[in-house]
Every structure is written in C-alpha cells, then in structure tokens.
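Spelled out from the first residue to the last, the chains are:
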Amino acid sequence: MENTNQEITIRPMRQSDYPKVYQLWKTIKGFGIRSMDDSEEGVARFIRRNPSTSIVAETEGQVVGAILCGHDGRRGCFYHVCVREGYRKRGIGKDMAVKAMKALQAEGINKVCLIAFKKNEVGNSFWKSVGWTFREDLNYYDFVLNDENITIFQ
Ligand SMILES: CC(C)(COP(=O)(O)OP(=O)(O)OC[C@H]1O[C@@H](n2cnc3c(N)ncnc32)[C@H](O)[C@@H]1OP(=O)(O)O)[C@@H](O)C(=O)NCCC(=O)NCCS
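An account of the accompanying structure is given in this report.

Criteria and thresholds
- Residues numbered from 1 in each chain as written.
- Predicted model: local features only at pLDDT ≥ 70, side-chain atom pairs only at ≥ 80, totals over all residues.
- Heavy atoms only, no water.
- Near = heavy atom within 4 Å.
- Polar contact = N/O pair within 3.5 Å; in protein donor to acceptor, adjacent residues only side chain to side chain.
- Areas by Shrake-Rupley, 256 points an atom, 1.4 Å probe, with all protein chains shown as cover.
- Helix = DSSP H or I, 4+ residues; strand = E, 2+ residues; numbered from the N terminus.
- Buried < 20%, exposed > 50% of the residue type's maximum accessible area, 1.4 Å probe, protein only.
- Pairing = 2+ DSSP bridges.

## Some words on the site of the ligand
Move 1: The full set close to the ligand counts 20 residues, and V81, K89, G91, G93 and N120 are the nearest of them.
Move 2: Between the ligand and G91, the relevant distance is 2.7 Å, taken from an oxygen atom to a main-chain nitrogen or oxygen of the residue.
Move 3: Within the backbone of K94, an N or O atom sits 2.8 Å from an oxygen atom of the ligand.
Move 4: If the ligand stood free it would expose 910 Å²; the protein chains cover 74% of that surface.
Move 5: Mapped by element, the contributors of at least two residues to the shell around the ligand are strand 5 (76-83), helix 3 (92-106) and helix 4 (121-129).
Move 6: Here the shell around the ligand gets five residues from one element, more than from any other, and that element is helix 4.

## Overview of the pairing of strand 4 (residues 62-71)
Move 1: Burial of strand 4 is extensive: nine of the 10 residues sit out of reach of the surface.
Move 2: Direction of pairing for strand 3 (residues 55-59) relative to strand 4: antiparallel, over a ladder of five bridges. What sits directly across from I55, in strand 4, is I67.
Move 3: Alignment of strand 4 against strand 5, held across six bridges, turns out to be antiparallel. Looking at strand 5, one finds that G70 is bridged to C77.
Move 4: The turn linking strand 4 back onto strand 5 is made up of four residues, and G73 within it adopts a positive phi angle of 100°.

And the structure:
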C-alpha cells in the first residue's frame, strides 16, 4: 500500500531520469514501447530537441508519473502519459499535464494534441475530465518510415 501523504514533486524530465521512466513504462498495461523511439538514444534525442516540456512526478527518489511532451514549432504533442498504479486518482496526472501545457505555452505553442486508443477507457475518461476536446471529425493517419522501430505492448 502506498503512503498517500508522500510529497510529490512535478518537474521537467531530465535525460538522467530515463532508467526510472523506462521502468515505469514497463509497468503500464496497454503501453506500446518502441524499440527505437523509446530507447535511451531515442529519448535523449527527443529531450535535446525539447529540453523543458517533458515532465516527471517524483517522490522519495522514485518516478511515479511521466509525460513525454514536445513540439515541432507549431503543435505540441503528448506521448506516454502515465501514473504508477497505487498513485492514481489523486491529481498527479492532471498536475503533470498542466505543467507540460504551461511549458508549451512558454515556448509560444498554441495547441497540443495526443493519441489515445479507443479501448483505453481510463485514458479517454481522463482527457475528457481534464478539459481536452475529443475530435469526432478527424481520422488519424500515419506511415511507418522505419520497420526496425518495433512496438512491444505491455
Ligand atoms: C490516465 C492516468 C495518467 C490518469 O492519472 P491520474 O493521476 O490517476 O489522474 P488524476 O488523478 O489527475 O485524474 C484527473 C481526473 O481524471 C479522471 N479520471 C482519472 N482516472 C480515472 C478513471 N480510472 N476512471 C474515470 N475517470 C478517471 C477523473 O475525473 C479525475 O478527477 P477526479 O479524481 O477529481 O474525479 C492514469 O490512470 C494512467 O497512468 N493510466 C494508464 C496509462 C494511460 O492510459 N495513459 C493515457 C494514455 S492516452
């Protein structure tokens, strides 16, 4: 049982957080972890391009939440938003999202988006409840540019 009185620090993610963030990702059911994008090198590249916008939630040296967040100069994007089981439903997810959104605003970014699997009821409930708009008028398209970037689902 987790101690609910622990103080939680919400702060920008550093590259040195990677091992703990990766261990957290591996505990999140339904997450797809990509062999290249989510490798230490892949995340280092992302954080170099976006040094202030990704976020972790930390308590007693443990990473209990994380958001990879970056932008391309126009639109912000969230990836791998998660809170460790046992720490959920006490506002950590929302606090991290707000911190990341403020970091994007500070970079002059006016809009942020993310992808949620349709079957992810918790994730979809979360985004709606924190005020994000569910777009029914869009279809999502992508194109694989590198077949070596394999996804493994947890
Ligand atoms: C989604 C997730 C990040 C939410 O983190 P969290 O810290 O528990 O969220 P918060 O406590 O900030 O919740 C904010 C609001 O979201 C809604 N919400 C959160 N979890 C919910 C759940 N299980 N069911 C329904 N609504 C939920 C609630 O309205 C909540 O406000 P309330 O507690 O005042 O009712 C967490 O459940 C998680 O890591 N899930 C697995 C990974 C995932 O699905 N990520 C999203 C990918 S798109």
